[in-house]
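# Examination of the molecular architecture
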Amino acid sequence: MTLSQKQINAFNRDGFIIARGLLDDVDLQPLIDELSDWVDARARELLDEGEITDLHQDQPFETRFGLLFGQSRRMGEEMDIMHARGRAMFDFLRNPKLLDAAQSFTGPEIVCNPIQHLRAKPPERFDPDTGPSLYVVPWHQDAGVMMPEAEESNIVTCWVPLGDATTEMGCVQALPGVHGRGYLRHQAAGGTTIATNVMPDLLQDVEPLSLACSKGDVIFLSRFTPHRSTPNRSDKCRWSLDLRYQTTGHHTGRTAHPEFVVRSLSKPSTVMRDVAEWRRLWIDAFENPRGSAAHRTE
Ligand SMILES: O=C(O)CCC(=O)C(=O)O
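Structural notes, computed from the coordinates. What you see is a predicted model, and the numbers here were worked out from it, not measured in a lab.

### Examining the packing of aromatic side chains
By the definition in use, this model includes nine aromatic pairs. On the basis of an interplanar angle of 40° and a centroid distance of 4.3 Å, the ring pair of phenylalanine 11 and phenylalanine 105 is categorised as tilted. Of this pair, phenylalanine 11 sits in helix α1 (residues 5-14) while phenylalanine 105 sits in helix α6 (residues 96-106); the two residues are 94 residues apart in sequence, bridging distant segments of the chain. Taken together through their ring pairs, the aromatic side chains of Phe61, Phe65, Phe69, Tyr135 and Trp239 make up a single cluster. In this arrangement the basic side chain of arginine 296 is found over the ring face of tyrosine 183, its NZ or CZ atom lying 3.6 Å from the centre.

### Remarks on the sheet that holds strand β9 (residues 227-229)
One open sheet holds the three strands; their spatial order is β7-β4-β9, and the pairing between them is antiparallel. Of all strands in the sheet, those with a lone pairing partner are β7 (209-210) and β9, marking the two edges. As defined by bridge partners, strand β4 (residues 172-174) adjoins β9 across three bridges and the pair is classed as antiparallel. Pairing of alanine 174 across the sheet is with histidine 227, part of β9.

### Here we look at the environment of arginine 279
Assignment of secondary structure puts arginine 279 in helix α7 (residues 275-287). A residue is classified by how much of its surface remains accessible, and arginine 279, at 28% relative accessible area, is partly exposed. When the C-alpha positions of arginine 279 and alanine 84 are compared, they lie 9.3 Å apart, and in sequence the two are 195 residues distant. Sequence-distant contacts of arginine 279, that is, excluding residues within four places in its chain, are made with Arg85, Gly86 and Arg87. One polar contact links the side chain of arginine 279 to the main-chain carbonyl oxygen of arginine 85, over a distance of 2.8 Å.

### Things to note about the site of the ligand
Inspection of the region around the ligand gives Arg119, Tyr135, Val137, His140, Asp142, Trp159, His227, Ser229, Arg238, Ser240, Asp242 and Arg244 as its neighbouring residues. Histidine 140 places a side-chain nitrogen or oxygen 3.1 Å from an oxygen atom of the ligand. Note that an oxygen atom of the ligand is positioned 2.8 Å from one of the side-chain N or O atoms of arginine 238. Contributions of two or more residues to the shell around the ligand are made by β9 and β10 (238-247). Ranked by the residues each element gives to the shell around the ligand, the list is headed by β10, at four residues. Within the shell around the ligand, the residues separate by chemical class into three nonpolar, four polar and five charged.

### Considering the side chain of glutamine 246
Position of glutamine 246 among the secondary structure elements: in strand β10. Taking the relative accessible area as the measure of exposure, glutamine 246 reaches 0% and is therefore buried. A polar contact is formed between the side chain of glutamine 246 and the side chain of asparagine 113, at a distance of 2.8 Å. Those residues in contact with glutamine 246, other than ones at most four positions away along the chain, are Thr106, Glu109, Ile110, Val111, Asn113, Asn154, Ile155, His251 and Thr252.

### Focus: the environment of isoleucine 194
Mapped onto the elements of the fold, isoleucine 194 is located in strand β6 (residues 192-198). Separated by 21 residues in sequence, isoleucine 194 and lysine 215 place their C-alpha atoms 26 Å apart. Discounting chain neighbours no more than four positions away, the residues touching isoleucine 194 are Pro132, Ser133, Leu134 and Pro138.

### Topic: the pairing of strand β3 (residues 155-161)
For β3, the tally of buried residues reaches seven of seven residues, placing the bulk of the element in the interior. In β3, alternate side chains face the same way, and those of Ile155, Thr157, Trp159 and Pro161 on one face and Val156, Cys158 and Val160 on the other are all buried. Two strands pair when backbone bridges link them, and β3 and β10 are joined in this way by seven bridges, in the antiparallel orientation. Its bridge partner lying in β10, cysteine 158 is registered against leucine 243. Where β3 and strand β8 (residues 218-222) come together, four bridges link them in antiparallel fashion. The residue of β8 that forms the bridge with valine 156 is serine 222.

### Comments concerning empty space enclosed by the protein
By the definition in use, this model includes two cavities of 30 Å³ or more. The computed volume of the largest cavity comes to approximately 130 Å³. When contributions to the lining of the largest cavity are tallied by element, the ones reaching two or more residues are β3, β9 and β10. Partitioned by chemical class, the residues of the lining of the largest cavity number four nonpolar, four polar and six charged.

### Quick notes on the layout of surface pockets
For the second largest pocket, the calculated volume is near 150 Å³. Every residue lining the second largest pocket is listed: Phe61, Glu62, Leu162, Gly163, Asp164, Met169, Lys215, Lys236, Cys237, Arg238 and Trp239. Elements represented by at least two residues in the lining of the second largest pocket include exactly α3 (61-69) and β10. Residue composition of the lining of the second largest pocket, grouped by class: five nonpolar, one polar and five charged.

Reading the values: the criteria
- Each chain carries its own residue numbering, running from 1 in the written order of its sequence.
- This being a predicted model, a pLDDT of at least 70 is required before a residue's local features are given, and a value of 80 or more before pairs of side-chain atoms are given or counted; all residues contribute to the totals for chains, interfaces and linings.
- Water and hydrogen atoms play no part in the side-chain values, which are based on all heavy atoms of the structure.
- Stacked, edge-to-face and tilted are the three classes for Phe, Tyr and Trp ring pairs, Trp counted by its six-membered ring, which pair at centre distances within 6.5 Å; planes under 30 degrees apart are stacked, over 60 edge-to-face, the rest tilted.
- Starting at the N terminus, helices and strands are each numbered in turn, a helix being any DSSP run of H or I of at least four residues and a strand any DSSP run of E of at least two.
- To sit over a ring, a charge needs its Lys NZ or Arg CZ within 6 Å of the ring centre and within 35 degrees of the ring normal.
- Strand pairing is assigned whenever DSSP identifies at least 2 bridges connecting the two strands.
- Residue exposure (1.4 Å probe, protein chains only): buried if accessible area is under 20% of the type maximum, exposed if over 50%, otherwise partly exposed.
- Should any heavy atoms of two residues lie within 4.5 Å, those residues are counted as being in contact.
- Pairs of N or O atoms within 3.5 Å make up the polar contacts considered here, provided that, within protein, one atom can donate a hydrogen while the other can accept it, and that residues adjacent in sequence are counted only when both atoms are side-chain atoms.
- Proximity criterion: a residue is near a molecule or strand once any of its heavy atoms comes within 4 Å of it.
- Here the term charged refers only to Asp, Glu, Lys and Arg, the term nonpolar to Ala, Val, Leu, Ile, Met, Phe, Trp, Tyr, Cys and Pro, and the term polar to all other amino acids, Gly among them.
- Grid points spaced at 1 Å and placed over the protein atoms alone form the basis of the search, with a cavity being a set where a 1.4 Å probe fits but cannot get out and a pocket an open set showing protein on both sides within 12 Å along at least five of seven lines. Lining residues have an atom within 4 Å of a point.
- Grid points are joined across faces, edges and corners, and a volume is the space filled by probe spheres set on the points.

As structure tokens, this is what we get:
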């Protein structure tokens with residue numbers, strides 16, 4: 001189902017919307033099962049290496065990763081879409097409900113943009129670092145993590161919780177209405193791209209909104225909407241995907257990594273349906289680096 005005109009108007013006004021109940025367990029459970037298997041296999045590797053001592057195999061999806069991460073931060077290594085390259089993940093990237101909604105912004109020719117992440121934000125007690133990380137992200141616009149060539153590209157961010165993502169769990173926060181100011185200058189920080197953030201003096205006049213979600217909700221964000229996320233003060237992990245879809249033919253902002261066509265009205269044969277081909281594209285990008293994955297800091 002495409003989004004309603006009311007939802008599109010709200011997106012245009014605020015720079016984001018939460019599409020409540022867009023997805024259900026049929027959409028999410030295959031992915032959760034695949035990720036549970038990934039976590040289990042990784043935990044067994046780390047147990048064999050003597051990195052962890054307790055597999056916590058009876059713990060549910062919501063709590064197991066945090067308990068493992070608390071024993072070794074190496075649990076989080078390579079736990080991302082482009083490294084795990086699972087079949088259920090590939091299928092989810094092409095989920096028709098998600099694409100129908102994204103189509104409201106991109107039109108019917110849709111590419112899956114390669115800037116995408118899986119995040120399992122652990123409870124803060126297992127991740128006591130206070131600095132920016134993949135899990136606690138400073139204020140930024142997605143335009144700030146793209147090459148400047150993508151400034152005109154029609155790219156929408158879809159933030160998909162795989163369970164509840166409450167304020168206590170460190171949900172996304174956004175600044176309403178600021179997307180209308182266009183690209184705001186960003187700065188690099190801490191020597192890591194994870195910390196790219198909007199110059200603080202550009203953001204002082206707007207009150208942040210917490211975008212708390214229930215499982216099944218999806219947040220759509222403009223690439224110019226400043227957003228961040230806060231530490232997870234609960235006992236559960238805050239699992240989420242952040243995906244981006246765009247109009248086919250527009251610059252992706254990340255030429256080092258592969259995009260692929262997920263929907264096409266005019267050329268249906270260009271749609272990628274083969275998980276092996278998707279995996280091959282990512283492996284090739286890592287083994288034969290080219291193009292740019294740089295963030296934007298001017
Ligand atoms: O998931 C988060 O905590 C932050 C996500 C984010 O910053 C993004 O999707 O650009």
